[in-house]
Amino acid sequence: MLLKVLATYGWVGYPVAGITIFVSVKVLQWRERFYQQEMARITEIRNKLMQSKLELPLQSSVEQKEQK
């Protein structure tokens, strides 16, 4: 009985394997793209924070500019 079932439906494994490989490749591409976007975002935020630390205006000069 098992041999008859395997002979009849055994070919289904080939399309399932193809679909599985296709989905796996797409998931890996999505993961890589997501990773690259996150790394770029973190780098941009870090650079902005570092730049803002270097350009800290004095409190009095900020108040003078607002009053003018």
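Residues numbered from 1 in each chain as written. Predicted model: local features only at pLDDT ≥ 70, side-chain atom pairs only at ≥ 80, totals over all residues. Heavy atoms only, no water.

Colleague: Just to check I follow, could you spell out the overall build of the chain for this structure?
Modeller: From N to C terminus, the chain includes three helices and zero strands. Secondary structure elements of the chain occur, N-terminal to C-terminal, as α-α-α. Each of the 68 residues in the chain was classed as buried or not, and the buried ones make up 0%. Surface exposure of the chain reaches about 6,900 Å², of which carbon and sulfur atoms provide 67%. (Helix = DSSP H or I, 4+ residues; strand = E, 2+ residues; numbered from the N terminus. Buried < 20%, exposed > 50% of the residue type's maximum accessible area, 1.4 Å probe, protein only. Areas by Shrake-Rupley, 256 points an atom, 1.4 Å probe, with all protein chains shown as cover.)

Colleague: Mind showing me how you'd approach the pattern of salt bridges here?
Modeller: Should the charged atoms of two oppositely charged side chains come close, the side chains can pair. Under the criterion given, the structure shown has two salt bridges. Where E44 meets K48, a salt bridge forms, and the shortest distance between an N and an O atom there is 3.3 Å. One end of the pair is E44 and the other is K48, both in helix α2 (residues 13-54) and four residues apart, which spans about a single turn. When its relative accessible area of 44% is taken as the criterion, E44 is described as partly exposed. (Salt bridge = Lys/Arg side-chain N within 4 Å of Asp/Glu carboxyl O.)

Colleague: Before we go on, may I ask you to explain a nonpolar patch on the surface in this structure?
Modeller: A cluster of nonpolar residues, Y9, W11, V12, Y14 and V16, forms a patch on the protein surface that exposes about 620 Å² of accessible area. One can find Y14 in helix α2. Overall, Y14 belongs to the exposed group, its relative accessible area being 68%. (Patch = residues over 30% accessible without salt bridge, like charges linked within 9 Å, V, L, I, M, F, W, Y side chains within 5 Å.)

Colleague: Where do I start with the packing of aromatic side chains in this structure?
Modeller: For the structure on display, the rule yields one aromatic pair. Pairing W30 with F34 gives two aromatic rings, centres 5.7 Å apart and planes at 20°, and the pair type is stacked. Taken as a pair, W30 and F34 lie in helix α2 at a separation of four residues, close to a single helical turn. By relative accessible area, which is 42% here, F34 ends up partly exposed. (Phe/Tyr/Trp six-rings, centres within 6.5 Å; stacked < 30°, edge-to-face > 60°.)

Colleague: Looking at this structure, I do not really get the confidence of the model for the chain. What am I missing?
Modeller: As a general rule, the predicted coordinates of low-pLDDT regions are not to be interpreted in detail. Model confidence for the chain is summarised by a mean pLDDT of 81, while 72% of its residues fall at 70 or above. The weakest mean pLDDT in the chain belongs to helix α3 (residues 59-67) at 57; the strongest belongs to α2 at 92. (pLDDT = per-residue confidence, 0-100.)

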